[in-house]
Amino acid sequence: MNSLGKWITNGSERPFYTRKNIEITKEITNAVAYVCGLGQFNFYINGAKVSDHVLDPGWTNYDKLIQYVTFDVTKYLKEGVNTIGAEIGNGWFIMNNDHYTFAFPAFMPPNPNPYHAYGKSLVFAMCLEVEYKDGTKDVMTADDTFKVAEHMVTVSNVYGSEYIDGRKAQIGWNTIAFDDSKWEKAKIVAEEDEPKGELQNQTQPPIKVIHTYEGKYLHDYADKESGEIRKIYDFSQNMSGMLEVMELAR
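Residues numbered from 1 in each chain as written. Predicted model: local features only at pLDDT ≥ 70, side-chain atom pairs only at ≥ 80, totals over all residues. Heavy atoms only, no water.

One face of the sheet, then the other: side chains in a regular strand alternate in exactly this way. When strand 3 (residues 28–38) meets strand 7 (residues 65–72), the two strands line up antiparallel, connected through 4 bridges. Across the sheet, Tyr34 pairs through a bridge with Thr70, a residue of strand 7. When strand 7 meets strand 16 (residues 198–201), the two strands line up parallel, connected through 4 bridges. Paired with Leu65 across the strands is Glu198, a residue of strand 16. (Pairing = 2+ DSSP bridges. Helix = DSSP H or I, 4+ residues; strand = E, 2+ residues; numbered from the N terminus.)

Right, here's the structure in full:
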(Lines give C-alpha, C1' and ligand atoms only; values in the text may rest on other atoms or scores of the structure.)
Protein backbone atom coordinates (compact mmCIF):
# COMPACT_ATOMS: atom_id res chain seq x y z
CA MET A 1 0.00 0.00 0.00
CA ASN A 2 1.33 3.46 -0.90
CA SER A 3 -1.92 5.35 -0.36
CA LEU A 4 -4.78 5.25 2.09
CA GLY A 5 -7.02 7.53 0.07
CA LYS A 6 -8.23 10.81 1.55
CA TRP A 7 -7.49 12.11 5.03
CA ILE A 8 -10.58 13.13 7.00
CA THR A 9 -10.95 15.28 10.12
CA ASN A 10 -13.43 16.98 12.41
CA GLY A 11 -11.49 20.20 11.86
CA SER A 12 -10.10 20.55 15.39
CA GLU A 13 -6.95 19.88 17.40
CA ARG A 14 -8.89 17.84 19.94
CA PRO A 15 -9.67 14.09 19.94
CA PHE A 16 -12.67 12.88 17.96
CA TYR A 17 -14.76 9.83 17.11
CA THR A 18 -15.45 8.80 13.54
CA ARG A 19 -17.73 6.07 12.21
CA LYS A 20 -19.57 4.74 9.17
CA ASN A 21 -21.94 1.87 8.44
CA ILE A 22 -21.11 -0.24 5.38
CA GLU A 23 -23.08 -3.10 3.83
CA ILE A 24 -21.55 -6.35 2.65
CA THR A 25 -23.80 -8.49 0.46
CA LYS A 26 -21.55 -11.45 -0.35
CA GLU A 27 -19.60 -14.13 1.46
CA ILE A 28 -16.16 -12.87 2.55
CA THR A 29 -12.96 -14.86 2.12
CA ASN A 30 -10.44 -12.24 3.26
CA ALA A 31 -10.42 -8.65 4.50
CA VAL A 32 -7.51 -6.34 5.32
CA ALA A 33 -7.61 -2.81 6.74
CA TYR A 34 -4.77 -0.29 6.40
CA VAL A 35 -5.32 2.37 9.05
CA CYS A 36 -3.70 5.58 10.30
CA GLY A 37 -4.92 8.20 12.75
CA LEU A 38 -2.64 11.08 13.72
CA GLY A 39 -1.45 11.43 16.36
CA GLN A 40 -2.77 8.02 17.62
CA PHE A 41 -5.83 5.87 17.10
CA ASN A 42 -7.96 2.93 18.17
CA PHE A 43 -9.77 1.07 15.38
CA TYR A 44 -13.09 -0.79 15.77
CA ILE A 45 -15.42 -2.97 13.71
CA ASN A 46 -18.92 -3.77 14.99
CA GLY A 47 -18.07 -2.58 18.48
CA ALA A 48 -14.94 -4.70 18.86
CA LYS A 49 -11.48 -3.17 19.10
CA VAL A 50 -9.37 -4.55 16.27
CA SER A 51 -6.15 -6.03 17.73
CA ASP A 52 -4.56 -5.63 21.17
CA HIS A 53 -2.32 -2.75 20.09
CA VAL A 54 -2.21 0.56 21.94
CA LEU A 55 -0.73 3.91 20.89
CA ASP A 56 -0.64 3.14 17.16
CA PRO A 57 1.02 4.33 14.99
CA GLY A 58 4.66 4.65 16.04
CA TRP A 59 6.11 8.10 16.77
CA THR A 60 7.99 9.51 13.78
CA ASN A 61 8.87 12.87 12.26
CA TYR A 62 5.51 13.21 10.51
CA ASP A 63 6.97 15.64 7.98
CA LYS A 64 9.19 12.81 6.71
CA LEU A 65 7.60 9.46 7.59
CA ILE A 66 4.10 8.36 8.63
CA GLN A 67 3.29 4.79 9.58
CA TYR A 68 -0.01 3.05 8.93
CA VAL A 69 -1.00 -0.23 10.57
CA THR A 70 -2.17 -3.32 8.70
CA PHE A 71 -4.92 -5.41 10.30
CA ASP A 72 -6.41 -8.72 9.17
CA VAL A 73 -10.09 -7.96 9.83
CA THR A 74 -11.67 -11.01 8.19
CA LYS A 75 -13.13 -12.31 11.46
CA TYR A 76 -14.59 -8.93 12.41
CA LEU A 77 -16.75 -8.46 9.30
CA LYS A 78 -19.97 -10.23 8.37
CA GLU A 79 -22.57 -10.25 5.62
CA GLY A 80 -25.01 -7.40 6.13
CA VAL A 81 -24.43 -4.04 7.81
CA ASN A 82 -21.09 -3.45 9.55
CA THR A 83 -19.89 -0.45 11.55
CA ILE A 84 -16.37 0.91 11.02
CA GLY A 85 -15.17 3.24 13.76
CA ALA A 86 -12.08 4.92 15.16
CA GLU A 87 -10.97 7.16 18.01
CA ILE A 88 -8.25 9.68 17.15
CA GLY A 89 -6.08 11.36 19.80
CA ASN A 90 -3.25 13.88 19.83
CA GLY A 91 -0.14 11.80 20.42
CA TRP A 92 2.85 13.77 19.13
CA PHE A 93 1.03 15.14 16.08
CA ILE A 94 -0.49 18.17 17.81
CA MET A 95 0.59 18.77 21.41
CA ASN A 96 -2.08 20.85 23.11
CA ASN A 97 -0.71 23.83 25.06
CA ASP A 98 -3.18 23.28 27.90
CA HIS A 99 -0.68 20.70 29.14
CA TYR A 100 3.08 20.29 29.28
CA THR A 101 4.92 21.58 26.21
CA PHE A 102 8.54 21.81 25.15
CA ALA A 103 8.86 25.47 26.23
CA PHE A 104 11.87 26.01 28.51
CA PRO A 105 11.58 28.08 31.73
CA ALA A 106 12.41 31.78 31.33
CA PHE A 107 15.74 31.49 33.17
CA MET A 108 17.06 28.93 30.65
CA PRO A 109 18.41 29.57 27.13
CA PRO A 110 15.85 29.14 24.32
CA ASN A 111 15.09 25.56 23.32
CA PRO A 112 17.25 24.90 20.21
CA ASN A 113 14.75 22.31 18.97
CA PRO A 114 11.26 23.56 19.95
CA TYR A 115 8.21 21.46 19.33
CA HIS A 116 5.98 22.36 16.39
CA ALA A 117 2.59 20.96 15.46
CA TYR A 118 2.57 18.81 12.32
CA GLY A 119 -0.90 19.81 11.16
CA LYS A 120 -3.87 22.09 11.72
CA SER A 121 -6.14 19.31 12.98
CA LEU A 122 -6.11 15.65 13.93
CA VAL A 123 -6.67 13.37 10.93
CA PHE A 124 -7.73 9.85 10.00
CA ALA A 125 -7.29 7.67 6.91
CA MET A 126 -8.03 4.05 6.11
CA CYS A 127 -8.32 1.64 3.23
CA LEU A 128 -10.41 -1.52 3.61
CA GLU A 129 -9.93 -4.29 1.03
CA VAL A 130 -12.56 -7.05 1.04
CA GLU A 131 -12.28 -10.18 -1.11
CA TYR A 132 -15.33 -12.35 -1.77
CA LYS A 133 -15.88 -16.02 -2.46
CA ASP A 134 -17.00 -15.24 -6.01
CA GLY A 135 -13.56 -13.78 -6.78
CA THR A 136 -14.60 -10.12 -6.72
CA LYS A 137 -13.10 -7.43 -4.51
CA ASP A 138 -14.17 -4.13 -2.92
CA VAL A 139 -11.89 -1.29 -1.82
CA MET A 140 -13.30 1.28 0.60
CA THR A 141 -11.54 4.40 1.91
CA ALA A 142 -12.41 7.13 4.39
CA ASP A 143 -14.33 10.07 2.90
CA ASP A 144 -16.95 12.64 3.79
CA THR A 145 -19.62 9.95 4.16
CA PHE A 146 -17.99 9.16 7.52
CA LYS A 147 -19.52 10.91 10.54
CA VAL A 148 -17.50 12.65 13.28
CA ALA A 149 -18.15 13.81 16.83
CA GLU A 150 -16.14 15.40 19.63
CA HIS A 151 -14.55 12.82 21.94
CA MET A 152 -15.15 12.69 25.68
CA VAL A 153 -11.36 13.05 26.00
CA THR A 154 -11.25 16.80 25.51
CA VAL A 155 -7.47 17.21 25.88
CA SER A 156 -4.93 14.49 25.16
CA ASN A 157 -1.20 14.92 25.70
CA VAL A 158 1.75 12.54 25.76
CA TYR A 159 3.23 14.13 28.89
CA GLY A 160 0.20 15.76 30.49
CA SER A 161 -2.26 12.85 30.26
CA GLU A 162 -5.92 13.63 29.51
CA TYR A 163 -8.97 15.62 30.47
CA ILE A 164 -12.14 13.54 30.25
CA ASP A 165 -15.66 14.98 30.18
CA GLY A 166 -18.03 12.08 30.81
CA ARG A 167 -20.97 14.16 29.56
CA LYS A 168 -19.56 13.83 26.06
CA ALA A 169 -19.43 10.03 26.18
CA GLN A 170 -21.08 8.35 23.20
CA ILE A 171 -22.32 5.02 24.53
CA GLY A 172 -22.31 2.36 21.81
CA TRP A 173 -20.88 4.81 19.28
CA ASN A 174 -19.06 2.06 17.36
CA THR A 175 -22.04 -0.32 17.02
CA ILE A 176 -24.65 -0.76 14.28
CA ALA A 177 -27.60 0.26 16.45
CA PHE A 178 -26.12 3.66 17.40
CA ASP A 179 -27.99 6.74 16.15
CA ASP A 180 -25.43 9.10 14.60
CA SER A 181 -27.98 11.50 13.11
CA LYS A 182 -26.67 14.32 15.32
CA TRP A 183 -23.06 13.73 14.29
CA GLU A 184 -21.44 15.93 11.65
CA LYS A 185 -20.10 14.88 8.27
CA ALA A 186 -16.35 14.39 8.25
CA LYS A 187 -14.31 17.05 6.47
CA ILE A 188 -11.88 16.11 3.70
CA VAL A 189 -8.46 17.54 4.52
CA ALA A 190 -7.36 20.04 1.87
CA GLU A 191 -4.41 18.82 -0.17
CA GLU A 192 -2.15 21.59 1.09
CA ASP A 193 -2.96 20.62 4.71
CA GLU A 194 -2.42 16.87 4.35
CA PRO A 195 0.34 15.25 6.44
CA LYS A 196 3.58 15.55 4.51
CA GLY A 197 5.45 12.36 5.41
CA GLU A 198 5.80 9.29 3.22
CA LEU A 199 3.36 6.53 4.17
CA GLN A 200 4.96 3.23 5.19
CA ASN A 201 3.64 0.08 6.81
CA GLN A 202 4.44 -0.13 10.53
CA THR A 203 6.87 -3.01 10.97
CA GLN A 204 8.19 -2.58 14.51
CA PRO A 205 6.55 -4.63 17.30
CA PRO A 206 3.37 -2.92 18.51
CA ILE A 207 2.95 -1.51 22.01
CA LYS A 208 0.71 -3.74 24.11
CA VAL A 209 -0.56 -3.89 27.68
CA ILE A 210 1.71 -6.44 29.35
CA HIS A 211 0.80 -6.03 33.01
CA THR A 212 -1.82 -4.24 35.07
CA TYR A 213 -1.56 -2.88 38.61
CA GLU A 214 -4.48 -2.33 40.95
CA GLY A 215 -4.49 1.00 42.77
CA LYS A 216 -4.77 0.95 46.57
CA TYR A 217 -6.70 3.79 48.17
CA LEU A 218 -4.58 5.66 50.74
CA HIS A 219 -6.43 8.75 51.89
CA ASP A 220 -8.27 11.95 50.95
CA TYR A 221 -6.74 15.40 50.94
CA ALA A 222 -8.13 18.92 50.47
CA ASP A 223 -6.65 20.99 47.65
CA LYS A 224 -5.20 24.18 49.21
CA GLU A 225 -6.44 26.48 46.44
CA SER A 226 -9.83 25.07 45.48
CA GLY A 227 -10.72 23.23 48.67
CA GLU A 228 -11.77 20.23 46.57
CA ILE A 229 -11.48 16.83 48.23
CA ARG A 230 -9.24 14.51 46.22
CA LYS A 231 -8.33 10.87 46.67
CA ILE A 232 -4.82 9.45 46.70
CA TYR A 233 -4.11 5.95 45.33
CA ASP A 234 -0.87 3.98 45.31
CA PHE A 235 0.07 1.53 42.54
CA SER A 236 3.26 0.33 44.31
CA GLN A 237 5.15 0.88 41.07
CA ASN A 238 6.99 3.79 39.47
CA MET A 239 5.76 3.57 35.90
CA SER A 240 4.49 5.23 32.78
CA GLY A 241 1.10 3.71 32.15
CA MET A 242 -2.53 4.12 31.17
CA LEU A 243 -5.19 4.64 33.83
CA GLU A 244 -8.43 2.67 33.78
CA VAL A 245 -11.30 3.59 36.09
CA MET A 246 -13.81 0.81 36.69
CA GLU A 247 -17.18 0.95 38.41
CA LEU A 248 -17.43 -1.81 40.98
CA ALA A 249 -20.65 -3.67 41.69
CA ARG A 250 -22.44 -2.34 44.75
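Bringing the pairing of strand 9 (residues 123–132) into the picture now. Burial within strand 9 is extensive, with 9 of its 10 residues counted as buried. Across 10 bridges, strand 3 lies against strand 9 in antiparallel orientation. When the bridges of strand 9 are listed, Ile28 appears paired with Tyr132. What sits between strand 9 and strand 10 (residues 137–141) in their antiparallel hairpin is a turn of 4 residues, with Gly135 showing a positive phi close to 90 degrees. (Buried < 20%, exposed > 50% of the residue type's maximum accessible area, 1.4 Å probe, protein only.)

This part takes up unusual backbone geometry. Geometrically, the link from Leu38 to Gly39 is a cis peptide bond, its omega value of 5 degrees lying close to zero. With respect to the secondary-structure elements, Gly39 resides in the loop between strand 3 and strand 4 (40–45). Its identity is not glycine, yet Asn46 carries a phi of approximately 55 degrees, on the positive side. Mapped onto the elements, Asn46 comes out in the loop between strand 4 and strand 5 (48–49). The exposure class of Asn46 is partly exposed, given its relative accessible area of 23%. Its identity as a non-glycine residue notwithstanding, Ser236 has a phi of 55 degrees, on the positive side. When you line up the elements, Ser236 lands in the segment after strand 19 (229–234).

A word on the sheet that holds strand 11 (residues 147–150). Reading across from one edge, 5-4-8-2-11-14 is the order of the 6 strands in this open sheet, with antiparallel pairing throughout. Among the strands making up the open sheet, the edge pair consists of strand 5 and strand 14 (184–185). Direction of pairing for strand 2 (residues 16–24) relative to strand 8 (residues 80–89): antiparallel, over a ladder of 9 bridges. In the sheet register, Lys20 faces strand 8, and the bridge partner there is Ile84.

Along the chain, Thr60 falls in the loop between strand 6 (53–54) and strand 7. Judged by its relative accessible area of 13%, Thr60 is buried. Among the polar contacts made by the side chain of Thr60, one reaches the main-chain carbonyl oxygen of Leu65 at a distance of 2.5 Å. Once residues lying within four places of it in the same chain are set aside, the contact partners of Thr60 are Leu65, Ile66 and Gln67. (Polar contact = N/O pair within 3.5 Å; in protein donor to acceptor, adjacent residues only side chain to side chain. Contact = heavy atoms within 4.5 Å.)

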